[in-house]
Amino acid sequence: SSSGGGGGDDGGKKCSGSRNSGDESDGDHDGVTSKTPDNYLPSLILNGCIMMGLSVEYSIIMPSLLSYVDHLNGKAIGFALALSVFSLSSAVSRPLAGCASDSLSFRTIYTVILITVIVGNILYSSAWWLGSMSVLVLGRMLAGVGGGSIDLAMVYTTRVTHQKDRTTWIARMQIPRMLGMLFGPCFQSVLSVLKLDNSSLFGHSLNPQTAPGYFMCFWVTLMVIMVRAMLKEPATRKFVSRSSETAQMDHRHHEDDHHHHHHDDDLE
């Protein structure tokens, strides 16, 4: 019976070991990658630069938007419309970008977002010589899609950082965004010093109203190049649903009960 007891102890240890291994395997599915955040540090910095760059876009355009709308005879309704469509497209693109990250690569989503922003700024600057308020509004609507990069950067951060450091990294990612909102008005001050009223770019008028749009085209194009060349995709991870985890635990408990039942029969 002592040998049987020893067998029972061994069986208990095996069962305990299986539970521990199961717990460890469950821990592997808590959303923490096996990679260290240092492996993704350049990509995290790139995400921060993108957030800063697109925050600059908003604060660069705003100081000159009212005078731009006045030039196109857009009046107050035109100014309000330009602001509204930008905010609306930004609000819509943010959850869409986050959802798209479940099925598409981050590199692909960022590329689509940034190219859309480039097209939007081209239309915004072109509205001056086209004399079209509709083109300006359309340009602002497309530029607002850049808001999707904010949620995308947050999703990327959660994918590549450990759970214990995740909150810290998310807080750090907000710093470039705030810096971008500070740099925008500084750029407008530089434009006022340069006095671009009589300048041209590829035959198009370059002035304090159109220059911000052309600058953003150049700036965002650099972002596209960096994303294509530098962004590292998060490691592929497998997730176990709660229902399957529960089923596995029930199955293990059933096997344990069955084992102890046969052990009791042997002792009898």
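Up top is the structure these notes are about.
Residues numbered from 1 in each chain as written. Predicted model: local features only at pLDDT ≥ 70, side-chain atom pairs only at ≥ 80, totals over all residues. Heavy atoms only, no water.

Next up on the list: the packing of aromatic side chains. The full count for this structure, using the stated rule, is four aromatic pairs. For the pair Tyr68 and Tyr124, a centre-to-centre distance of 4.8 Å together with 70° between the ring planes defines the contact as edge-to-face. Note that Tyr68 is positioned in helix 2 (residues 41–71) and Tyr124 in helix 4 (residues 106–130), a separation of 56 residues in sequence. The residues Tyr68 and Tyr124 share a single accessibility class, namely buried. Geometrically, the ring pair formed by Phe106 and Tyr156 is edge-to-face, given 5.2 Å between the ring centres and 85° between the ring planes. Of this pair, Phe106 sits in helix 4 while Tyr156 sits in helix 6 (residues 148–160); the two residues are 50 residues apart in sequence, bridging distant segments of the chain. A residue is classified by how much of its surface remains accessible, and Phe106, at 2% relative accessible area, is buried. Look at Tyr156 and you get buried, because its relative accessible area is 0%. Chaining the aromatic ring pairs together yields one cluster made of Tyr68, Tyr124 and Trp128. The residue whose ring lies beneath Arg172 is Trp169, and the NZ or CZ to ring-centre distance is 4.8 Å. Over the ring of Tyr40 we find Lys232; its NZ or CZ atom is 4.7 Å from the centre of that ring. (Phe/Tyr/Trp six-rings, centres within 6.5 Å; stacked < 30°, edge-to-face > 60°. Helix = DSSP H or I, 4+ residues; strand = E, 2+ residues; numbered from the N terminus. Buried < 20%, exposed > 50% of the residue type's maximum accessible area, 1.4 Å probe, protein only. Lys NZ or Arg CZ within 6 Å of the ring centre and 35° of its normal.)

Once that is clear, we can look at the nonpolar core. Considering soluble globular proteins, one finds that nonpolar side chains tend to be buried as a cluster. Within the largest apolar cluster, 37 residues are counted, with the highest numbers of intra-cluster contacts made by Ile50, Tyr110, Leu114, Tyr156, Val220, Val227 and Leu231. At the level of secondary structure, the elements contributing two or more residues to this core comprise helix 2, helix 3 (75–100), helix 4, helix 6, helix 7 (166–194) and helix 8 (211–230). Sequence-distant contacts of Leu114, defined by excluding residues within four places in its chain, comprise Ile50, Leu54, Val220, Met223, Val224 and Val227. In this structure, Leu65, Val85, Tyr124 and Met133 belong to the second largest nonpolar core, which totals 14 residues. (Core = buried A, V, L, I, M, F, W, Y, C linked by side-chain atoms within 4.5 Å. Contact = heavy atoms within 4.5 Å.)

Here Ser132 shows up in the loop between helix 4 and helix 5 (133–143). A distance of 3.4 Å separates a polar side-chain atom of Ser132 from the backbone nitrogen of Ser134. With near-sequence residues (within four places) excluded, Ser132 lies in contact with Leu72 and Ala127. (Polar contact = N/O pair within 3.5 Å; in protein donor to acceptor, adjacent residues only side chain to side chain.)

Quick look at the packing of helix 2 against helix 5 now. Where helix 2 meets helix 5, the closest approach of the two axes is 13 Å, and the angle between their N-to-C directions is 165°. By the angle between their directions, the pair helix 2 and helix 5 is classed as roughly antiparallel. Viewed along their axes, helix 2 and helix 5 form a crossing whose handedness is left-handed. Listed contacts from helix 5 to Glu57, Tyr58, Ile61, Leu65, Tyr68 and Val69 of helix 2 are Met133, Leu136, Arg140 and Ala143. Residues that form the contact of helix 2 with helix 5 fall into these classes: eight nonpolar, no polar and two charged. (Axes fitted to C-alpha atoms, helices over the stretch in contact; angles between N-to-C directions. Parallel < 35°, antiparallel > 145°, perpendicular 65-115°, else oblique. Left-handed = near helix turned anticlockwise from the far one by under 90°. Nonpolar A, V, L, I, M, F, W, Y, C, P; charged D, E, K, R; others polar.)

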